[in-house]
Amino acid sequence: MSDVKDLREQQEVVNLLDQLINGDTYSSIQAAAALAAVGEGVENSLLALLTDSGTVDRWNVAMALARVGTPAVDGLITVTATGDDAVRNPAVWALAEIGDARAVEPLAAILRESTSECCRALTAAALLKIGDPAGIAAVEEELATHGEAFEGLVMEAYEGT
């Protein structure tokens, strides 16, 4: 009987993942909330979906991962190590939403090393949102180096998150 229950729960997660990716805006938001309520382990399915090259709407997946919260942090940090901004940027945003200090050093490294101005601005905004002193110091250093135009991008990303 336990096997049947497990199969039903697995099918429910598959249905919610499909709704997250293929549903309208309201359905995707509902699916993100329902996936977060599933509990431990769902973050692995979401992280796999986030990194899958066939996933079109990674931002919906990032929204669900942000709702999962702390259990998703380590996986999201790993995902940010990719050079693909289509995957990295939603992961950075999700880390900002979660606000866990474990993300500060990996995000600071991205801020210093990324060649994508968009990614760097989003990462700086994430560090400001997390609010850890080390992250704020890293952002201040980059702002001093890259001037007003970059600061404008960072503040736009920060206010929009």
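Heads up: the structure comes first, above all this text.
Residue positions are counted from 1 within each chain, in the order its sequence is given. In keeping with the model being predicted, local features are shown solely for residues with a pLDDT of at least 70 and side-chain atom pairs are shown and tallied solely at 80 or more, while totals for entire chains, interfaces and linings include all residues. To get the side-chain values, all heavy atoms of the structure are used, and hydrogens and water are removed first.

Enquirer: When you look at the overall build of the chain in this model, what are you seeing that I'm missing?
Expert: Counting its secondary structure elements, the chain contains nine helices and zero strands. Under the scheme used here, helices are H or I runs from DSSP no shorter than 4 residues and strands are E runs no shorter than 2 residues, and both carry numbers assigned from the N terminus. Ordered by position from the N terminus, the helices and strands of the chain form the series α-α-α-α-α-α-α-α-α. By the compact-globule yardstick of 15 Å for 161 residues, the chain fits well, its C-alpha radius of gyration being 17 Å. Projecting the C-alpha coordinates of the chain onto the three principal axes gives extents of approximately 60 × 30 × 25 Å. Considering only intrachain contacts with a sequence separation of at least 6, the fraction spanning at least 24 residues in the chain is 60%. Per-residue and other accessible areas were derived by the Shrake-Rupley procedure at a 1.4 Å probe size, with only the shown protein chains allowed to occlude residues. Of the accessible surface of the chain, which amounts to about 8300 Å², a share of 51% is contributed by carbon and sulfur atoms. In this count, Lys and Arg are taken as positive residues and Asp and Glu as negative ones, while His and the chain termini are left out. Charged groups are reduced to one reference atom each: NZ for lysine, CZ for arginine, CG for aspartic acid, CD for glutamic acid. Looking at charge distribution, the chain has the averaged site of its 9 positive side-chain charges lying 4 Å from that of its 26 negative ones. Atoms considered for the radius of gyration are the C-alpha atoms alone. The globule rule reads 2.2 Å times the number of residues to the power 0.38. For this analysis, residues touch if any pair of their heavy atoms sits within 4.5 Å.

Enquirer: What am I meant to see in the state of the cysteines here?
Expert: Throughout this description, disulfide means a covalent bond between two cysteine sulfur atoms. Here, a disulfide means two cysteine sulfur atoms that sit within 2.5 Å of each other. Evaluated as defined, the whole model comprises zero disulfides. Cys118 forms no disulfide, and the closest cysteine sulfur to it belongs to Cys119, at a distance of 7.2 Å. On the accessibility criterion, Cys118 (53% relative accessible area) is exposed. The exposure class assigned to Cys119 is buried, which follows from its relative accessible area of 0%. Under the scheme applied here, a residue whose accessible area is under 20% of the maximum for its type counts as buried, over 50% as exposed, and between as partly exposed, the area being computed with a 1.4 Å probe on protein chains only.

Enquirer: Would you mind going over the nonpolar core with me for this structure?
Expert: The nonpolar side chains of a soluble globular protein tend to be buried, and buried together. Among the nonpolar cores identified, the biggest contains 50 residues, and Leu20, Leu35, Leu46, Leu50, Leu65, Leu76 and Leu107 are the most heavily contacted of them. Among the elements that line this core, the one with the most residues is helix α6 (residues 85-98), at eight residues. Once you skip the residues sitting within four places of it in the chain, Leu46 turns out to touch Leu17, Leu20, Leu35, Val61, Ala64, Leu65 and Val68. The nonpolar core is taken to be a set of buried Ala, Val, Leu, Ile, Met, Phe, Trp, Tyr and Cys residues, with the residues joined through side-chain atoms within 4.5 Å.

Enquirer: Hey, could you run me through the side chain of Glu43 in this one?
Expert: Inspection of the secondary structure puts Glu43 in helix α3 (residues 42-51). No salt bridge is formed by the buried Glu43; its nearest oppositely charged neighbour, Arg102, is found at 10 Å. A distance of 3.0 Å separates a polar side-chain atom of Glu43 from the backbone nitrogen of Gly41. Non-local contacts of Glu43, meaning those with residues more than four positions away in its chain, are made with Leu65, Val68, Pro71 and Ala72. When a carboxyl oxygen of Asp or Glu is within 4 Å of a side-chain nitrogen of Lys or Arg, the pair counts as a salt bridge. In the analysis that follows, any N or O atom pair within 3.5 Å is treated as a polar contact, provided that within protein one partner can donate a hydrogen and the other can accept it, and provided that, for residues neighboring in sequence, both atoms belong to side chains.

Enquirer: What is the right way to read helix α4 (residues 58-68) from this model?
Expert: Owing to its 3.6 residues per turn, the α-helix brings residues three or four apart onto one side. The buried count for α4 comes to nine of eleven residues, which makes it a mostly enclosed element. Of the positions making up α4, those classed as buried are Arg58, Asn60, Val61, Ala62, Met63, Ala64, Leu65, Ala66 and Val68.

Enquirer: Whenever I open this one, helix α7 (residues 104-113) confuses me. Can you help?
Expert: Listing the buried residues of α7 in full gives Val104, Leu107, Ala108, Ala109, Ile110 and Leu111. Tucked into the core, α7 has its buried residues touching α5 (73-80), α6, α8 (117-130) and α9 (133-160).

Enquirer: Just checking my understanding: could you explain the pattern of salt bridges for this structure?
Expert: Side chains carrying opposite charge are able to pair once their charged atoms draw close together. Using the criterion set out here, one finds five salt bridges in the structure. Between Asp100 and Arg102 there is a salt bridge whose closest N-O contact spans 3.0 Å. The buried category is assigned to Asp100, whose relative accessible area is 16%. Using a relative accessible area of 38% as the deciding quantity, one classes Arg102 as partly exposed. Among the salt bridges present, the one from Glu105 reaches Arg112, with a minimum N-O distance of 3.1 Å. Several salt bridges converge on common partners, so that one network encompasses Asp74, Asp100 and Arg102.

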